[in-house]
Amino acid sequence: MALTKDDLQAIANLFQPTKDDIQMIKNDVQVLKDDVQALKTDVQVLKDDVQALKTDVQVLKDDVQGLKGDVKIFQQDTRELKNRTTAIELTLENETNPGIKIVAEGHLDLNRKLDKALKIENEKEILLLRLSHLESETRIIKAQLNQPA
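The present account deals with the structure reproduced in this document.

Procedures and definitions
Residues numbered from 1 in each chain as written. Predicted model: local features only at pLDDT ≥ 70, side-chain atom pairs only at ≥ 80, totals over all residues. Heavy atoms only, no water. Helix = DSSP H or I, 4+ residues; strand = E, 2+ residues; numbered from the N terminus. Rg over C-alpha atoms; globule rule 2.2 N^0.38 Å. Buried < 20%, exposed > 50% of the residue type's maximum accessible area, 1.4 Å probe, protein only. Areas by Shrake-Rupley, 256 points an atom, 1.4 Å probe, with all protein chains shown as cover. Lys, Arg positive; Asp, Glu negative; His and termini not counted. Charge placed at Lys NZ, Arg CZ, Asp CG, Glu CD. Patch = residues over 30% accessible without salt bridge, like charges linked within 9 Å, V, L, I, M, F, W, Y side chains within 5 Å. Salt bridge = Lys/Arg side-chain N within 4 Å of Asp/Glu carboxyl O. Expected span 1.5 Å × (residues − 1). Bend = angle between axes of the 7 residues up to and from the residue.

## With respect to the overall build of the protein
Each helix and strand counted, the protein has one helix and zero strands in total. Its C-alpha radius of gyration of 60 Å places the protein more than 25% over the 15 Å reference for a compact globule of 149 residues. Overall size of the protein, expressed as C-alpha extent along the three principal axes, is 205 × 35 × 15 Å. Looking at the protein residue by residue over its 149 residues, the buried ones come to 0%. Just so you have it, the protein exposes about 14200 Å², and 62% of that area is on carbon and sulfur atoms. Across the protein, 22 positive and 27 negative side-chain charges occur, with their mean positions spaced 10 Å apart.

## Things to note about a nonpolar patch on the surface
Together, Leu 3, Leu 8, Ile 11, Leu 14 and Phe 15 line one region of the surface with nonpolar side chains, adding up to about 520 Å² of accessible area. By relative accessible area, Leu 14 is classed as exposed at 62%.

## Considerations on helix α1 (residues 5–146)
For α1, which comprises 142 residues, the first-to-last C-alpha distance of 195 Å matches the rise-based estimate of 212 Å (1.5 Å per residue) to within 8%. A maximum bend of about 40° is found in α1 at Leu 92.

## So, the environment of Val 57
Along the chain, Val 57 turns up in helix α1. The class for Val 57 is partly exposed, based on a relative accessible area of 41%. Put simply, Val 57 and Gln 9 are 48 residues apart on the chain and 69 Å apart in space, counted from C-alpha to C-alpha.

Written out as structure tokens, the structure reads:
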């Protein structure tokens, strides 16, 4: 059985939809290839971003570690200042304030003694003035007695 040109054309026509389907599949595969390539590019960008994030996180970890050290030093300094403040408060309460009180009480006693001494000095001045006045009057009386009448 020999195939005629019409038979071959009929067979070719039968395979035409399959050929068209294969062409569509090829086109779809090409689109998929392009999409996969775009995905690969996006994945590479994401990998780069993740790597940058990892680097940034490591830097942050290092910074946090440094801050932890600084905080420990700050806490130690704060404890030391608290201890020194407590020592100063105790010194003020137990030594300085009582000492000031003792000095102030002594000062008040000295002030009272000074006031007494000044009072006696004032009385002494008044007595000296009276004595001077009496001496003057005595001279006058002597002068009058020594004069002939």
